[in-house]
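# Fold and geometry: a report
Below are the chains, spelled out letter by letter.
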Amino acid sequence: MLDIALWISIALFAASLMLNVFRLAIGPDLPDRILAVDTMYVNSIALIVLFGIQLNSKAYFEAALLIAMLGFVSTVAVCKYLLRGDIIE
Amino acid sequence: MPTWFYPVLEGVIAFFLVAGGIFAFIGSLGLTHLKDFYMRLHGPSKTTTLGVGCVLMASMIYFRATTGHFSFQEMLITIFLFITAPATAHLLSKAALHQKLVADIRTRNVPDQLETASEPDEANAQQTESRLP
Amino acid sequence: MTLLLIVLLPLLGALVPLMARNLPRGRLAWLTAVAPAIALGIAVFHLGDVFAGQTPQFHLPWISELGLDLALRFDGLSALFVLLILGIGLLIILYSRYYLSGEDSLARLYSFLMLFMTAMIGIVMADNLLLMWVFWELTSLTSFLLIGYWYQLSEARKGARMALTVTGAGGLALLAGILVIGHIVGSYQFDDVLAAADQIRSSELYPVVLVLVLLGAFTKSAQFPFQFWLPHAMSAPTPVSAFLHSATMVKAGVFLLARMHPILSGTDLWFYIVSFTGLATLLYGAWFALMKQDLKGVLAFSTISHLGLITLLFGFNSQMAAVAGLLHIINHATFKASLFMAAGIVDHECGTRDIRKLNGLYRYMPHTTILAMVASASMAGVPLLNGFLSKEMFFAESLDAQLLGGLSWLIPALATLGGILSVAYSLRFIHDVFFNGEPKDLPKTPHEPPRYMKLPIEILVLICLLVGILPSLVIKDLLVSASASVLAGPVPEFSLAIWHGFNVPLMMSGIALAGGVGVYALRHHLYSFQRQFRARNALLVFEANIQRLVNLAERSMDSFENGSLQRYMLWLLLTALLFVGIGLLAVPQLSGEFEQQPFDAMLLTGAVITGLAGLGTAITHRKRIVSLLMLSVVGLMTSLAFARFAAPDLALTQLAVEVVTMILLMLALFFLPQRTPKESSARRIMRDVLLASAFGVVIASLNFAILTRPVESISDFFMANAVSGGGGHNVVNVILVDFRGFDTLGEITVLGIAGLAIFKLLNRLRLFMPSSDLDGRSWSPDRHPMILATVSQTLLPLALLVSVYIFLRGHNEPGGGFIAGLVTAVAIILLYIARGVDWTQRWLRFPYQPVAAAGVLIAGLTGAGSWMFGYPFLTSSFGHFTIPVIGEIELATALLFDLGVYLTVVGATLMILANLGKLTTPHRPTKEKS
């Protein structure tokens, strides 16, 4: 049961990633693309956690942790770039 | 932990996993299908976050059951996500407003009747998209 | 040891004139002469041994691995040359004191002369071919200084450059030849090479050796077709010309022929190359010596001619010819040095060297005239003078040369022709200058030079006479011992008598003398014949050729290195493509013996997304920020792939680096033009697409081929020894901080330096800031959105906690100082983004430069700490401790080292990012009221 659930979940997240890439590609505006990339970060966290469960290993969770943190920083940086041009002022 | 508990636990985990996947998918679907940026922002910032939260929950239960330890990482990730997601959404909408993105008529925060009253011109009213003032 | 002194004393002597530069000229000259005089004394002291057949040697290991030792020998040949160099050198020192005008620095000339003397003595005394080459190139360099002594004259500079180019290039050929000899023999020691002479001559590389060595010799002694540099070296002061073109510089070339004679001569190839070059040079030089109107030009071309004669003699492959060659080296040095000095006196006293103006000087300087007459007569080969002896031997030898078969008679005939021309130009030198009417409008009224200016000439002329009249008594011993070393064996019996009875050589001499007088009488016809040729200035031709070469080089450089990065990438990729492609074509089958891993939909999705994002990066490259977003997706997918294929450390590093790079790029993008024009033509895009696809295909195939084959790699060792050797379960981290700790130390040092450099570069730099974005919207007035500010402050402690966690467990689980450092840096950068520079620096008062420096210092000291326990640098020791919650950690010196890495990364990253961010702060226009 768990395996099947895992596979369904992984497939759904992978499909989500594809949808995000679609949005990234068509835009039309920068905020859309930024949102798409940010969503990809979030979905990747879930994917890494799912890998962890699949392999029964927690070795990858730091990667998920870092994506959660660093993805936020890079999204913030791009938004700041749009708002103010200069991201550190 | 009694042995009968495991299938139940498995069921719970499976539920969270599938639910998480579905939520995330719906969020991304929203990102793809909704009409303007302000609508699209809802999908990822709420639904997808919830979906990932579900998966993290499943992982927490799973590793608590298999290793017997409470795992901090999922906790930390969850905290990070739930703190940052609103901030991201806020900043993004700020950026979008700053960029004066095209908005659907329904996201312009104008009451229906007012809108029709202010825009008597038939051609204009039919145009669903226009620049925000 | 005393041998070394002969070389070292002139070198020390080069310092003397520099220190004594303020003394009166007379005393300066005497002081300068001390060192070479002592060296000459030492050489004379050794002469007894040399004549007795011994060879004093001196050996001091220098760079033995290269076969280069400080080895000196003093055999007959060396003795002959050392006496010439030092003896004539001393006379030149005396002569220069009077020649040089008051405005020119005598000390500088002396210093250069002594340096040159050192180099020359080094060549002739070297007992190691490589050492000889070193001195050989030193003579090229020092002669450059001497020829260009009057550096204010363009003529002198160009002449010096040309001499350096030609002789230096020849020197390189010589080096190549010597290296090949070393390859054949296995040693550069002269005795070893001599012993292996047969081996060299029978080697199939012999022609290569011969041509390379001869190139060196011929360029140095101005043999045809390399003769063109020598006449232009005449722009040097006359004492320098007298020294360089009589006893030294050009003689180095014939010295090399003599030195290599026992090793390389005796073959037909040697005969053909050397003797024909010599013959051509002999005639060419003699003809132009007759044609030149410049006094020193006449001497220059006669020098070329006589060098050709010596070369021709060495080319004959006969023992007696070699003896004659040596004899002529001595004779030429004496008479040519005195002739140059006489020409210098004429130039000095009359202010011109133009033969058409110089006439009838006998009346003004009878003494000098007589000295010049004797020296000239010696050059012409008049009996009772030394030139006659060697010329007689030369004629005799030319008769014996039989290698041309039925045409062998040509050699004595052409030799006689050379003799005739030589008599003619000698006669011209005397008659045209010292007699033949009255001088025409000379700048100065000539008179006899100072007494001591003539002394060197008198001494040399006296030697000419002594050798000419009493040859056996004066130079027989020296000649025999020199011949012994040139022939490397018994010296044939020869008599140095003036009178050998009536024979063919005597007849040839007679013809030469009579013919020479006849040619001189008819010289005006020859001049008008020569005038039909367009006069070519070798200097201009040379400069033009050099210019053409430079242009060619520039053009070919431009076609490769045109400043276009795309072009460089094109060449790089094409080369890689070519080699990898060839390698892949040679592989019989792409897949190796490994089973392929199962392929699932997830992998496919990842691959598709990565590919699309990469494609998107390329397509949107003109919209920079969009391209950057695409690129970050590529980075994200790469780290997912790392995670999927069990490389968590790589995934972590990739993520951290990704974000820092993105922030850096955005900081930089802000200052770049926001619109990129369309730059590539359709053809170029097509080319790039094709190239990129081909490269992708090849690299993918290569990866596939390698990954499906078993590879012996070093990682097995690391896997096996990580725990036992480095005390950590995380192999990656153990490699970084322990196995390859030295590399890491170097890397963080570089990182720290790079940070400092960027800090220095950006310091006080203020850039223009656009006040609105691309579409003309002015920036949002909200500098620091409050929600973001609050959230980032909340996140800071969490992020720091994460980084400490990653740092502490790094040795056993994924993590480590580098990643932790980046995480800390990113957390602080977030604060900068959210709250601005002013606020952040007010609250976080830590200076980045000292932190980075402290990091490097801690890492370095940790490494040095192991010295205290008697271990090599960076030996780690460790023990395990258990800390609640975090679990078992290892406290090792490696952890301390990792702390150094952490601090350096934090310091350097913040130094770079924060300073880039600070660029605009003070002048930023903002609507916000603070």
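- You'll find chain A entered in an unreviewed UniProt entry as K+/H+ antiporter subunit F, with Cobetia crustatorum given as the organism.
- Per its UniProt entry, chain A bears the Sequence similarities (unreviewed entry) comment "Belongs to the CPA3 antiporters (TC 2.A.63) subunit F family."
- Listed under Subcellular location (unreviewed entry) in UniProt, the entry text for chain A is "Cell membrane".

### Let's talk about the overall build of chain C
- If you tally the helices and strands in chain C, you get 36 helices and four strands.
- The proportion of buried residues among the 930 residues of chain C is 53%.
- For chain C, long-range pairs separated by at least 24 residues make up 78% of all intrachain contacts whose partners lie at least 6 apart in sequence.
- Looking at chain C as shown, the accessible area adds up to about 40700 Å², and 68% of this sits on carbon and sulfur atoms.

### Description of the packing of aromatic side chains
- A complete count under the given rule lists 20 aromatic pairs over all chains for this structure.
- With 5.5 Å between their ring centres and 90 degrees between their planes, Phe61(A) and Phe63(B) make a pair best called edge-to-face. Taken together, the residues span two chains, with Phe61(A) in helix α3 (residues 61–84) and Phe63(B) in helix α3 (residues 42–67). The pair Phe61(A) / Phe63(B) is uniform in exposure class, with both members buried.

### Considerations on the interface of chain A and chain C
- Chain A puts 43 residues into the contact, and the matching count from chain C is 64 residues.
- A buried area of about 4900 Å², summed over both sides, lies between chain A and chain C, and 80% of it is on carbon and sulfur atoms.
- Counting the contacts that link chain A with chain C gives zero salt bridges.
- Scanning the region where chain A abuts chain C turns up five residue pairs in polar contact (both at pLDDT 80 or more).
- Those elements giving two or more residues to the side of chain A that touches chain C turn out to be α1 (2–26), α2 (30–55) and α3 of chain A.

### A few points about the interface of chain B and chain C
- Listed per partner, the contact involves 14 residues of chain B and 18 residues of chain C.
- For the pair chain B and chain C, the two sides together bury roughly 1300 Å², of which 78% comes from carbon and sulfur.
- Area buried by chain B at its contact with chain C is led by Phe80(B), Ile83(B) and His98(B), which between them contribute 37% of it.
- Where chain B meets chain C, there are one salt bridge.
- In this structure, Asp782(C) engages Lys94(B) in a salt bridge whose closest nitrogen and oxygen atoms are separated by 2.9 Å.
- Linking chain B to chain C there are one residue pair in polar contact (both at pLDDT 80 or more).
- Classifying every residue of the side of chain B that touches chain C by side-chain character gives seven nonpolar, five polar and two charged.

### Looking at the pairing of strand β1 (residues 57–63) of chain C
Residue and element names in this part refer to chain C.
- In this structure, β1 lies alongside strand β2 (residues 68–73), joined through six bridges in antiparallel fashion. Looking at β2, one finds that Phe58 is bridged to Leu72.
- What sits between β1 and β2 in their antiparallel hairpin is a turn of four residues, with Gly67 showing a positive phi close to 85 degrees.

The rules behind the values
- Residues numbered from 1 in each chain as written.
- Chains lettered and ligands numbered in written order.
- Predicted model: local features only at pLDDT ≥ 70, side-chain atom pairs only at ≥ 80, totals over all residues.
- Heavy atoms only, no water.
- UniProt positions renumbered as here; feature names shortened; annotations may be inferred.
- Helix = DSSP H or I, 4+ residues; strand = E, 2+ residues; numbered from the N terminus.
- Buried < 20%, exposed > 50% of the residue type's maximum accessible area, 1.4 Å probe, protein only.
- Contact = heavy atoms within 4.5 Å.
- Areas by Shrake-Rupley, 256 points an atom, 1.4 Å probe, with all protein chains shown as cover.
- Phe/Tyr/Trp six-rings, centres within 6.5 Å; stacked < 30°, edge-to-face > 60°.
- Buried area = accessible area lost by both parts, 1.4 Å probe.
- Salt bridge = Lys/Arg side-chain N within 4 Å of Asp/Glu carboxyl O.
- Polar contact = N/O pair within 3.5 Å; in protein donor to acceptor, adjacent residues only side chain to side chain.
- Nonpolar A, V, L, I, M, F, W, Y, C, P; charged D, E, K, R; others polar.
- Pairing = 2+ DSSP bridges.

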